[in-house]
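# Analysis of the macromolecular model
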Amino acid sequence: YLPVNYVVKSSNTGTNWLIKNYNYHYKFYDLHYRDQQNGLAVTDTGVIFKTTNNGLSWTKSFNNKTYKINNINFINGNSGNAFGNYGKILRTTNYGNNWTVSTSPTIKNLLVSKFVNSTTGYVVGNNSTVLKSTDLGNIWTIVPIPLSDSFNCIDLNFINDNTGWVLAQRYYGYGYPVNIYYYNTKLIRTTNSGNSWQFLYDSTATNSSAYYYNWIK
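Residues numbered from 1 in each chain as written. Predicted model: local features only at pLDDT ≥ 70, side-chain atom pairs only at ≥ 80, totals over all residues. Heavy atoms only, no water.

With that out of the way, let us pick up the sheet that holds strand E4 (residues 39-43). Pairing is antiparallel across the open sheet formed by four strands, whose spatial order is E3-E4-E5-E6. With partners counted over all chains shown, the strands left at the sheet margins are strand E3 (28-33) and strand E6 (59-62), one partner each. Shown here is a sheet whose adjacent strand axes are inclined to one another by a mean of 30°, direction ignored. The pairing of E3 with E4 spans five bridges and is classified as antiparallel. In the sheet register, phenylalanine 28 faces E4, and the bridge partner there is threonine 43. (Pairing = 2+ DSSP bridges. Helix = DSSP H or I, 4+ residues; strand = E, 2+ residues; numbered from the N terminus. Axes fitted to C-alpha atoms, helices over the stretch in contact; angles between N-to-C directions.)

Right, here's the structure in full:
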């Protein structure tokens, strides 16, 4: 069998890559490295793996079998969050040695996160979900945005404490007689830390999928 769900490593700035680990049980969804030795990886089965030797070996630092973990992010060298399906939010204060399940204000799948300073972070997800924390990721609250629940927020970025963007997408089926995917894509912006939002882009695209572009930075 060919290796699947593998971890690859480069020691020459990406010129060459070597498969360091592979398995048939986990799909890796996100990766975070604190420094050259210490890293964390999250999976579709709810397992979080940790390495302390530059990826030579990985051990489980969190294990569940009920929800996917989609994203991991850190506000400093020790304190961070992992975000998953059904609104699951995990928190660590010792870089993944221990994890606690935080109270979440939503049951929607959480997909992508961004910390904008030493205390404040955002996470976005399905059904127009945007959450915000102002206490190092401990407590999260819902941020209202001007989109219907039919949209999934698929990416975000902030350039400072006040100004940021959220990219959202709605899928609404096939065309006829040719099978063509139809998406409605919207880009919204805040300039006051999420208190209000303005539309920047709204387009119905044919046979295409919207992704986050660097130009919104």
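Moving on from the coordinates now.
What follows covers the environment of glycine 80. Topologically, glycine 80 is positioned in strand E8 (residues 80-84). Apart from residues no more than four positions distant in its own chain, glycine 80 is found in contact with Asn73, Phe74, Ile75, Leu90, Arg91, Thr92 and Trp99. (Contact = heavy atoms within 4.5 Å.)

Turning to the nonpolar core, a few remarks are in order. Counting residues in each nonpolar core, the largest one holds 15 residues, and the members touching the most others are Val130, Ile145, Cys153 and Val166. Broken down by element, the residue count for this core peaks at three residues, all from strand E15 (residues 152-158). Setting aside residues up to four positions removed in sequence, cysteine 153 forms contacts with Leu111, Val124, Gly125, Ser128, Thr129, Val130, Ile145, Val166, Leu167 and Ala168. Counting residues in each nonpolar core, the second largest holds twelve residues, with Leu40, Phe62, Ile72 and Trp99 among its members. (Core = buried A, V, L, I, M, F, W, Y, C linked by side-chain atoms within 4.5 Å. Buried < 20%, exposed > 50% of the residue type's maximum accessible area, 1.4 Å probe, protein only.)

Right, let's get into the packing of aromatic side chains. For the structure on display, the rule yields seven aromatic pairs. For the ring pair tyrosine 26 and phenylalanine 49, a centre distance of 5.1 Å and an interplane angle of 80° mean the geometry is edge-to-face. Of this pair, tyrosine 26 sits in the loop between strand E2 (18-21) and E3 while phenylalanine 49 sits in strand E5 (residues 48-51), placing them 23 residues apart in sequence. The buried category is assigned to tyrosine 26, whose relative accessible area is 15%. (Phe/Tyr/Trp six-rings, centres within 6.5 Å; stacked < 30°, edge-to-face > 60°.)

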